[in-house]
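The primary structure of each chain is shown beneath.
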Amino acid sequence: MFKTIVVAVDGSDCAKKAVTTACALAKQSEAKLIIVHAPQAETSAFAVGAVAGYHEVLTAPTHDELTEAGNKVLDEAIAIAKETGCDAKTDLHIGDPVRQVLKVAKDSNADLIVTGRRGLGSVAGLFLGSTSQRIQHHATCACLTVI
């Protein structure tokens, strides 16, 4: 059914459900699974604030802090995948999540992108549209949004 599935994560509860769903589909289809995270300074302040040594949440996080926080999100997603008995590769890109997820999907020839319905960027979503909506609008493969 599916050969390559890309699942986008941001550390939110909906993203965690998306990983569980993507793992079930990957196992059922014997598909390769790629977990993608693209932290942004605007939406990562909360996650970066949890990183040791980062005291000023209102200050824009550095590239290293974003990478550290991003790896923490990916580690959590990999743990969920392992709990379900699913092998997955991770891909971290700092920048616009929509562009990065679509790029990974294109580069890996994915035939499905899985996202959570509501993530951490809800304020930006009011103005720009949600990440999952924008991914669906521009994707060249099937998309599944998990509630």
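Residues numbered from 1 in each chain as written. Predicted model: local features only at pLDDT ≥ 70, side-chain atom pairs only at ≥ 80, totals over all residues. Heavy atoms only, no water.

(A) Expanded view of the overall build of the protein. Of regular secondary structure, the protein possesses six helices and five strands. Moving toward the C terminus, one meets the helices and strands of the protein in the order β-α-β-α-α-β-α-β-α-α-β. Here the protein holds 147 residues, and 45% of them are scored as buried. For the protein, the computed accessible surface area is about 8200 Å², with 53% contributed by carbon and sulfur atoms. (Helix = DSSP H or I, 4+ residues; strand = E, 2+ residues; numbered from the N terminus. Buried < 20%, exposed > 50% of the residue type's maximum accessible area, 1.4 Å probe, protein only. Areas by Shrake-Rupley, 256 points an atom, 1.4 Å probe, with all protein chains shown as cover.)

(B) Seen up close, the sheet that holds strand 5 (residues 142–146). Taken together, five strands build an open sheet; the order of strands is 3-2-1-4-5 and the sheet is parallel. Only two strands of the sheet have a single partner each, and these edge strands are strand 3 (89–92) and strand 5. Geometrically, the sheet is characterised by an average inter-axis angle of 25° between neighbouring strands, direction not taken into account. Of the strand pairs in this sheet, strand 1 (residues 4–8) and strand 4 (residues 112–116) are connected by three bridges, and their pairing is parallel. From the neighbouring strand, V6 faces strand 4, where its bridge partner is I113. Sitting on the sheet, helix 3 (residues 63–83) touches strand 2 (32–37) and strand 3, and the angle it makes with strand 2 is about 150°. Packing against the sheet, helix 4 (residues 97–107) makes contact with strand 1, strand 2, strand 3 and strand 4, and its axis sits at approximately 170° to strand 1. (Pairing = 2+ DSSP bridges. Axes fitted to C-alpha atoms, helices over the stretch in contact; angles between N-to-C directions. Contact = heavy atoms within 4.5 Å.)

(C) Broad picture of the packing of helix 4 against helix 6 (residues 131–138). Interaxial distance between helix 4 and helix 6 falls to 9 Å at its minimum, and their mutual angle equals 45°. Our classification of the angle between helix 4 and helix 6 gives oblique. Crossing of helix 4 against helix 6: the hand is right-handed. Along its contact with helix 4, which presents P97, V98, V101 and L102, the element helix 6 presents T131, R134, I135 and H138. Among the residues making up the contact of helix 4 with helix 6, the classes are represented as five nonpolar, two polar and one charged. (Parallel < 35°, antiparallel > 145°, perpendicular 65-115°, else oblique. Left-handed = near helix turned anticlockwise from the far one by under 90°. Nonpolar A, V, L, I, M, F, W, Y, C, P; charged D, E, K, R; others polar.)

(D) Representation of the nonpolar core. By size, the foremost hydrophobic cluster in this structure holds 24 residues, and its most contacted members are I5, V7, V9, V19, L33, I35 and V114. Mapped onto this core, the elements with two or more residues apiece are strand 1, helix 1 (13–29), strand 2, helix 3 and strand 4. Among the elements that line this core, the one with the most residues is helix 1, at seven residues. Among residues more than four places away in sequence, those in contact with I5 are A22, L25, A26, A31, K32, L33, I34, L112 and V114. In this structure, I113, I135, A139 and C141 belong to the second largest nonpolar core, which totals 14 residues. (Core = buried A, V, L, I, M, F, W, Y, C linked by side-chain atoms within 4.5 Å.)

(E) Summary view of the pairing of strand 4. Summarising burial for strand 4: five of the five residues are buried, a large majority. Along strand 4, one buried face is formed by L112, V114 and G116 and the opposite face, lined by I113 and T115, is buried too. Note: strand 4 against strand 5, five bridges, orientation parallel. Residue I113 lies in a different strand from strand 5, and its bridge partner there is C143.

(F) Broad picture of the side chain of Q100. Along the chain, Q100 falls in helix 4. We classify Q100 as buried; its relative accessible area is 17%.

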